[in-house]
Amino acid sequence: MRGTDTGQFAMFSYITLERRVPEDHPLRRLRPLVDGLLASMDAEFEAVYSHTGRPSIPPERLLRALLLQILYTVRSERLLIEQLDYNLLFRWFVGLQMDDAVWDRTVFSANRDRLLSTQMARAFFQRVLYLAEWQQLTSDEHFSVDGSMIEAWAGHKSFVRKDGGGPRGGGGGRNPEVDFSGESRSNATHQSTTDPESRLYKKGTYAEAKLRYLTHALSEHRNGLIVDVETTQADGRAEWVAAERMIRRSIRKSGATVAGDKGYDTEAFVGFLKKQGLKAHIARKKTGSAVDGRAARGKAYALSLNRRKRIEEAFGWIKTVGGLRKTRHKGVERIQGQALLTFAAYNLVRMLSLLQPQTIRA
């Protein structure tokens, strides 16, 4: 019998948000983990909020919303607020009731320096890492390091001479035609007016130069989880400098191995690893390699280079799912916060796939 297409006139619902979320939905397992992590950050939240005045939107809800933006690849905060208005799954995860009013998108801008600062984002990232260590998912003996480019939120036309000169242009309006032919541009003489901290950068000889930043990660080899993150301006030495900073901060066990691609095969970086008491499992250059040839013939070296590929999975995830192929923010400080939160989301997703519900340690 054919059903009747009736109008949508009901005003009330007698089903709770909790019942509308499927029992086997992945967010059901993620929600208690996130709630516990945010509850442990109560002291950090208290330190950045005033004890007087009008109550603000709870920072826990804002951070849950930002996690949803990463997990569901929502390209802007405007669309995120739109989703929160009618998406019941999003409302349930953030902590909104079915009839609660949704806040304005400018709330994220007003709280960005407070909640997406490097300090706050690293605090959340570290708690995710502590949870992974508690569940015995990380290794303290074998690591990989790598870096990747992030396109800045600035166009080529904003990259103009620091002395006030500019390329030949024609026409008016907000997006005029610009002719860069015959003009030599470099970071020494030019700077973006939109994002002054971005740098014109390319990796390959024949690759396209764009305004970019670099984000760097240190991963462990047991399950490929990210144990440290550093974001820098784009330049030729940034990968080595950031790697040394992360290694000093996160690797404490003498004799641990550090793997990396051929870009890290330099006398300075390999020498740094030796001074730290670490073993360099860096992919060797064909000529002029700084890596010991005897060590490179061992089984441990081959295994490290095989496990090193897992760090590429993390970079692939943050760019495709996490939305970090092109940043939405400006400046190293804010992009560092975005990268830390995105890698923290990656670790959480990775942990959910590694842990069955019955194996999570109480």
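Check the entry above for the structure.
The model shown is predicted, which means the values in this text are computed figures rather than measured ones.

Parameters and conventions
- Residues numbered from 1 in each chain as written.
- Predicted model: local features only at pLDDT ≥ 70, side-chain atom pairs only at ≥ 80, totals over all residues.
- Heavy atoms only, no water.
- Buried < 20%, exposed > 50% of the residue type's maximum accessible area, 1.4 Å probe, protein only.
- Helix = DSSP H or I, 4+ residues; strand = E, 2+ residues; numbered from the N terminus.
- Arc of directions from axis to C-beta.
- Contact = heavy atoms within 4.5 Å.
- Core = buried A, V, L, I, M, F, W, Y, C linked by side-chain atoms within 4.5 Å.
- 1 Å grid on protein atoms, 1.4 Å probe; cavity = no way out; pocket = protein on both sides within 12 Å on 5 of 7 lines; lining within 4 Å.
- Points joined across faces, edges and corners; volume = space filled by probe spheres on them.
- Nonpolar A, V, L, I, M, F, W, Y, C, P; charged D, E, K, R; others polar.

S.K.: How do you make sense of helix H11 (residues 267-275) when you look at a structure like this?
M.R.: Within the span of H11, buried status applies to Phe-269, Val-270, Phe-272 and Leu-273. For H11, the buried positions fall inside an angular range of 155° around the axis, keeping them on one side. Among the exposed residues of H11, those pointing more than 90 degrees away from its buried face are Glu-267, Ala-268, Lys-274 and Lys-275. Looking at the buried side of H11, the elements it contacts are strand E1 (142-151), helix H10 (238-250), strand E9 (257-260) and strand E10 (279-282). With its phi angle positive at about 75°, Gly-277 sits one or two positions after the end of H11.

S.K.: So what exactly am I meant to see when it comes to the environment of Val-178 here?
M.R.: Along the chain, Val-178 falls in strand E4 (residues 177-179). For the pair Val-178 and Gly-204, spaced 26 residues apart in sequence, the C-alpha to C-alpha distance is 26 Å.

S.K.: How do you make sense of the nonpolar core when you look at a structure like this?
M.R.: Soluble globular proteins tend to bury their nonpolar side chains together. If you look at the biggest cluster of nonpolar residues, it comprises 73 residues, and the most contacted ones within it are Leu-27, Leu-30, Trp-103, Phe-108, Phe-124, Ile-226 and Phe-343. Ranked by residue count, the leading element in this core is helix H15 (residues 332-354), at 12 residues. Apart from residues lying up to four places away in sequence, Phe-124 is in contact with Leu-37, Leu-38, Met-41, Leu-67, Leu-341, Ala-344 and Leu-348. In this structure, Ala-243, Tyr-264, Leu-273 and Val-291 belong to the second largest nonpolar core, which totals 23 residues.

S.K.: I keep staring at empty space enclosed by the protein and nothing clicks. Help me out?
M.R.: Rolled over the atoms, a probe sized like a water molecule indicates the empty space that remains. By the definition in use, this model includes 2 cavities of 30 Å³ or more. Taken together, Leu-66, Gln-69, Ile-70, Leu-116, Arg-328, His-329, Gln-338, Leu-341 and Thr-342 make up the lining of the largest cavity. Mapped by element, the contributors of at least two residues to the lining of the largest cavity are helix H4 (59-71) and H15. Classifying every residue of the lining of the largest cavity gives 4 nonpolar, 4 polar and 1 charged. Every element with two or more residues in the lining of the second largest cavity is listed here: H4 and helix H8 (112-115). Here the lining of the second largest cavity is built from residues that sort into 5 nonpolar, 1 polar and 1 charged.

Everything listed here is a matter of coordinates, which is why it stays silent on function.
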